[in-house]
Structures are given as C-alpha cells and as structure tokens.
Amino acid sequence: MNANSQPVLSVKDLETVFHTGAGTVRAVRRISFDLRPGERLGIVGESGSGKSATALSILGLIEPPGEVVGGSVLLNGRELVGRSDRELGAVRGKEISLVYQDPMSALDPVKSIGKQLVETIRRHDRSISRKAARKQAVELLRDVEVPQPERRLDEFPHQYSGGMRQRVMIASALANRPDVVLADEPTTALDVTTQAQVLELLNRLVSERGAAIVLITHNLGIVAEFCDTVRVMYAGRLVEAAATRTLFRAPAHPYAGALLRAVPRPDRLERGPLPAIPGAPPNLAELPSGCSFEPRCPLGAGRPKCLQDAPTDRALGARHVECHFAEEQLKQEVTA
Amino acid sequence: MTAAPPEPASEPLLVVDGLTKEFAARRGGEPLRAVDGVSFAVAHGETFGVVGESGCGKSTLSRAILRLLEPTAGSVAFDGVDVRALDAAALRRLRRRMQIVFQDPLGSLDPRMSARAIVEEPLEIHGIDDARRRAAEMLELVGIPAAQHRRKPYAFSGGQRQRIGVARALVLEPDLVFLDEPISALDVSIQAQVLNLLRDLQRQLGLTYVFIVHDLAVAEYFCDRVAVLYRGAIMELASSERIFRDSLHPYTASLLSAVPVPDPDVERRRDRIVLRGDVQPLAPNAGGCRFRDRCPVGRERAICAEKEPPLTEHRPGQLAACHFPGEAQKLVAA
C-alpha cells in the first residue's frame, strides 16, 4: 500500500436514505473515504450502523424505497453515482466486485456451480470459449480447495457446504482481477474454523491479484487480523479513521473505546462484570440534534456541547475523529 | 464409557450419562447420530459451557436433556430424579425447575402478547397464584421498567426482547437454566449488557446454568467449566481456564487458534492451525476418531483411524478424547 498513490476508490459525502412508513431513515450520512491500491480497509460497526448500505450505495445497488441522495463515488477516477444499470453492469464484477455475507443469496439455486462460474468468466470477455471458461472454472475450484473439482462443477449450490460456497464466491469475485473488492460480513454466517479458512483464502487472493479491499464487519478481531486501516461507523457516520494499530492501541472516539472494552477477548481470562455500553443505537429516522452517541457515551453524556452540536470530522494527529472530546478520550486510553 | 468429572462436594444438580439422540435418515440410510454418548455432571450454582460449531449437536443435546426431543439412549438425572422415567404430568412439573432461554428473542416471543402477558403465561400454565405481581417484579428485575410492561415485542430493541425472554424463563423460579446462544443474535454493544444481567441474576437467584455457545471468548469469560463438542461427542472437558490456557485436544487447539483476537499486536504474531475440509455428518459405527479427517495431529496415524479414543482424565479434572493429547499445542507454540 502506498499512501501517496492515487486512490483507486474515492467516496465523498455519500448520502443514502430509505423512505419508510416510520419516516426517512438516514442510513448513510455524508461519508467520505479514500481507498489506495492494495489497501485493506475495514469498516466496523453494528447492525443498523449503515455499513452494508455503504457497500450497496457504492455499487449502485440501492433499490427503492432506498435512494442515494448525494455525494460521489469515483472508481479509478470515473464517477459511478448516477450511472445507468447497464453502465454499472460493465464495471461490477470487472473493476469492482462484491462478496456477500450469505453466498446462497448471490448464487442461483437452479443452476450448477459450473454454469454460474462460466457465465461470470464470460460476462466481461466474450472471446473466451465456453470450453476454455469451463477449464478456468475447474482451476478456480481447485484453487479454493474444492475436492474433485471436475465432478463438483456440475453440482448445485445446495450440495456445497457453507464454507465451500463462500470460497467459490470469493474466487469468482476475484476471477476477473478487479481493482476493488467489497466484502460485506463475508464470514459472519460461518463457523469459526471455516471463517479462518475463508479469511486465509481472501488474504491470499487479494495479495495475488493486487486488489484493494473494503472489509465490512462487526467483528473487531477480524479487523485486527486483516486490515491496514479502519473506519468505525456509528449511526450512518464514520466516527473514527485510523491505521489499525493506532486505533486498537488507543481509540480516540469514545464509542470505539467502549466497544473494544465490551468484547471478551479470547487471549485474556477476564472476570467480573464486562464494561457494557448502556442503551441501544439510535433510531436513524429520529436522530438527535447533537452527537448521535451522546446518550450512551461514557465521556459526553449530558454535556451541553455534545447535546447541542453534532461533531464534525477533524484531524487528530495521523487520524480522523468526530468527537468534541477526543483528546480527553485519548488521555484516558493512554493512562488506562 | 462413563466419564465422571471430579465429584463436587455435594451431589451434582444434573447428571447426564451416555446420552444419545439419533434421527432417522432420509431414504432409509443409516440413522444420523446427532448426540453420541455424552456424559457430564453439573454442580449446584455452576455455569457449565457447551461449545462447538454448528451441527456439532449442542442444541440437540440441550433439547434431549429437557426431553423436548426424546433421547435414543442414555440417562439424565436432575436433582436425583430419573428424567427419562417420568410420565407427561411429572415431566411438566419438573420443567418448572428446568427452563431454557432461546437464541432468537423475537422468534420465541408471541408477537400479539404484551411483555407482561408473555411473562405471566408460564405462571398460568403451572397454576401459580399472583401471576401479575410476579411477572411485573421479574420484568423489573431484568431491567424492563413498569411503564413498558404493556408493550408488544416489536416495540422493544433486540437486547430488551432478550431480557423479556430471560424473565419468562426465570419467573417460574427454576434451579437450572439452559441458555441456548442467548446473545448471538444481539449487537456487539448489547451482548455485554445481557451477559452482565445473566451473571447478576445467577448470583441473586442461586441459578445453575448450562450455557450453549459457539463464541469461545464468551465461553471463556462466562463459564466455570466447558465441554467442547464435535460431531455429537465431547472432545474435551475441563475448567474454563484449562481449556483456554492449556488444552489437550487438537480440536480445541484448532478452534482457539481460529478465533481472531481484537488486538493487532497479538494477532499478527500468532501461529494458526487452519483446518482443511468441511464437516460431514457421521453415520454410527464409522470407527476411529471422529475428528481424524481434519486433525492436524492424527490424520495420517493408524491408531486414529482404527480406534475411537475414549474420553479420559489426563490431568485432574481435565478430560480429553484423543490418542495424542497435548501434541497439537506444539503446532501453536506461542
């Protein structure tokens, strides 16, 4: 990863809403980030924080009642927001691809795995013959350690285990050597030993193909293991951006700090009550006027500034943070 | 074989011995043995963890103990009572003392009923007086304020719904509570709240827990002793500290090494055992060790293919079903 190179993906002020009976849900609230070639960027957040909506917005896959209402997504310098489905179809799977949480939802249950792989391989290059594409598909299955690939090519998705399906999905997402892979909770539906397999595969393929990746997860351990940089998402905003080591050593946003403390760690024998975060994430249709984390914040709850003003993005050393009292938070982390 | 853990001072509250549950196979094949001769004992006031991956039989095990599913073989003794010998009426009375909290709070709560009615219902079923007051008190105890008792499940957050599920299980004042993945459907920031609540309630009400969980870090934090289940059988059983600091079974070691640690400084210098292959269902009498096809230690060894290792006490209070206990640890010398 080269910090000076041009970003391969540049997201600026991206904003997505969902029109529901309960009001307008502001799922993604003017977020910005750059992804450099080869970078592994983690977006960590809870369900409802807007992290999946971010991925779908980037790919132009938001459907009514949802809508991207503002901002820009530049992929290799070209704008994706506002493009037609046909234009985006030529980009998706070729320059940028998506790995879903549940591979079953991305696979067609009535087509054999082989047929689907052949279609994926030929979608962006019609000069490849069916026979050659089939040969590539066998290689691809062998590459992701599907046993007896020639035979299993003609099987259907339900005949594959969950881990096998996700390995195939990852391989097919990377088959056309995209510059960017968006992986949305790629291992959440899997067991922990299968998760380790899948992450190892993702790691290898991303390195081999030189792709940059946005890994979306609620699992802090996966970010620590996999990512160079991390964005913490809360209530539709990216509240902290830092190098992974920087963030895990001392988070500057009180939400990031509280989240790290609330999770039992497998490498420590912890006893006594866990430092839980009180309350629940806010309703995105009725956001408070001040900081959206204020009601749960160990540092800012009840403070006039936090109640009144929504904090905006600011630089703090090498990182970015949206908190009025990030310096206080950091001081606590360092002395803790 | 009977694998009795070290005898606690008093009689254990729950003794499970050789418990087996088979399901008939489709298309007349061999039956599927989801739980295969499981034995353990749980002491009064203990939190006993059952960990394993999906399909290992951990949920079937709890249902077979409670006779929500009829076991195929083996015995269950609860407070000295042979649970399998009870008729329907006696079993219903005993269930007051053995309750279960399910994973999915929304799926297990009737959407048309208020929180209070949901908690009152088991009291009414068991003909217990004063249901309204007891239900209200229990809801307050789990942190649902009185002003919210008439709300329906959809009006609560996921964490609050799980609190209601806990209240419903505890309102009958059980001695033993099965917690079947009680936090895995909850957001990360909510999980700690519910774990803390469960621990407080255990102290206040003198409860014994059997905690069924796939998250090893949570098991380590929450449980006194842990049984690691693989393909329906216990691979290792020991104190939480032993399992997580000094395990003997290669499956335990593989599971632990697969859990990512939320600390890059620790995470990136770790060795990891990545298991190959995928878990396949096991027919009875397959022979050999049930972990051998994925085992980093025994895959090539003859004895592992020929003889199923019995669950044996290798150190005081630490049982493992392995011909080569402790060998996998050399692969992850940290």
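One can find the structure itself at the top, above this paragraph.
The model shown is predicted, which means the values in this text are computed figures rather than measured ones.

Thresholds applied
Residues numbered from 1 in each chain as written. Chains lettered and ligands numbered in written order. Predicted model: local features only at pLDDT ≥ 70, side-chain atom pairs only at ≥ 80, totals over all residues. Helix = DSSP H or I, 4+ residues; strand = E, 2+ residues; numbered from the N terminus. Rg over C-alpha atoms; globule rule 2.2 N^0.38 Å. Buried ≥ 20, exposed ≤ 12 C-beta atoms within 10 Å, placed from the backbone. Contact = placed C-beta atoms within 7 Å. Axes fitted to C-alpha atoms, helices over the stretch in contact; angles between N-to-C directions. Parallel < 35°, antiparallel > 145°, perpendicular 65-115°, else oblique. Left-handed = near helix turned anticlockwise from the far one by under 90°. Nonpolar A, V, L, I, M, F, W, Y, C, P; charged D, E, K, R; others polar.

1. Regarding the overall build of chain B
Inference 1: Per the secondary structure count, chain B includes twelve helices and twelve strands.
Inference 2: Taking 2.2 N^0.38 as the reference for a compact globule, 334 residues should give roughly 20 Å; the C-alpha atoms of chain B span a radius of gyration of 21 Å, in line with that estimate.
Inference 3: Counting only C-alpha atoms, chain B reaches 65 × 50 × 45 Å along its principal axes.
Inference 4: For chain B, the residues scored as buried account for 49% of the 334 residues in total.
Inference 5: Look at the contacts in chain B between residues 6 or more apart in sequence, and 66% of them connect residues 24 or more apart.

2. Let's talk about the packing of helix 4 (residues 113-123) of chain A against helix 5 (residues 130-143) of chain A
Residues and elements named next belong to chain A.
Inference 1: Contact geometry of helix 4 with helix 5 gives a least axis separation of 9 Å together with a crossing angle of 115 degrees. In terms of their interaxial angle, helix 4 and helix 5 are classed as roughly perpendicular. Helix-helix and strand crossings are classified by hand; for helix 4 and helix 5 the assignment is right-handed. Residues Gly-114, Leu-117, Val-118, Ile-121 and Arg-122 of helix 4 lie in contact with helix 5, whose contacting residues are Arg-130, Ala-133, Arg-134, Gln-136, Ala-137 and Leu-140.
Inference 2: Class assignment for the residues of the contact of helix 4 with helix 5 results in six nonpolar, two polar and three charged.

3. Quick look at the interface of chain B and chain A
Inference 1: Counting residues at the interface gives 38 residues for chain B, matched by 38 residues for chain A.
Inference 2: Secondary-structure elements contributing two or more residues to the side of chain B that touches chain A are helix 7 (188-205), helix 8 (216-222), helix 9 (240-245), helix 10 (250-258) and helix 11 (264-267) of chain B.
Inference 3: Top contributing element to the side of chain B that touches chain A by residue count: helix 7 of chain B, with eight residues.
Inference 4: The residue makeup of the side of chain B that touches chain A, split by class, is 20 nonpolar, seven polar and eleven charged.

4. A short note on unusual backbone geometry
Inference 1: Backbone torsion omega between Pro-64 of chain A and Pro-65 of chain A reads 10 degrees, so that peptide bond is classified as cis.
Inference 2: Within the element layout of this structure, Pro-65 of chain A appears in the loop between helix 1 (51-58) and strand 4 (66-75).
Inference 3: Here Glu-173 of chain B, not a glycine, exhibits a phi torsion of approximately 55 degrees, which is positive.
Inference 4: Tracing the backbone through its elements, the reader meets Glu-173 of chain B in the loop between helix 6 (158-170) and strand 7 (176-180).
Inference 5: Under the C-beta neighbour-count criterion, Glu-173 of chain B is labelled partly exposed, with 14 such atoms within 10 Å.

The analysis is restricted to geometry; functional conclusions fall outside its scope.
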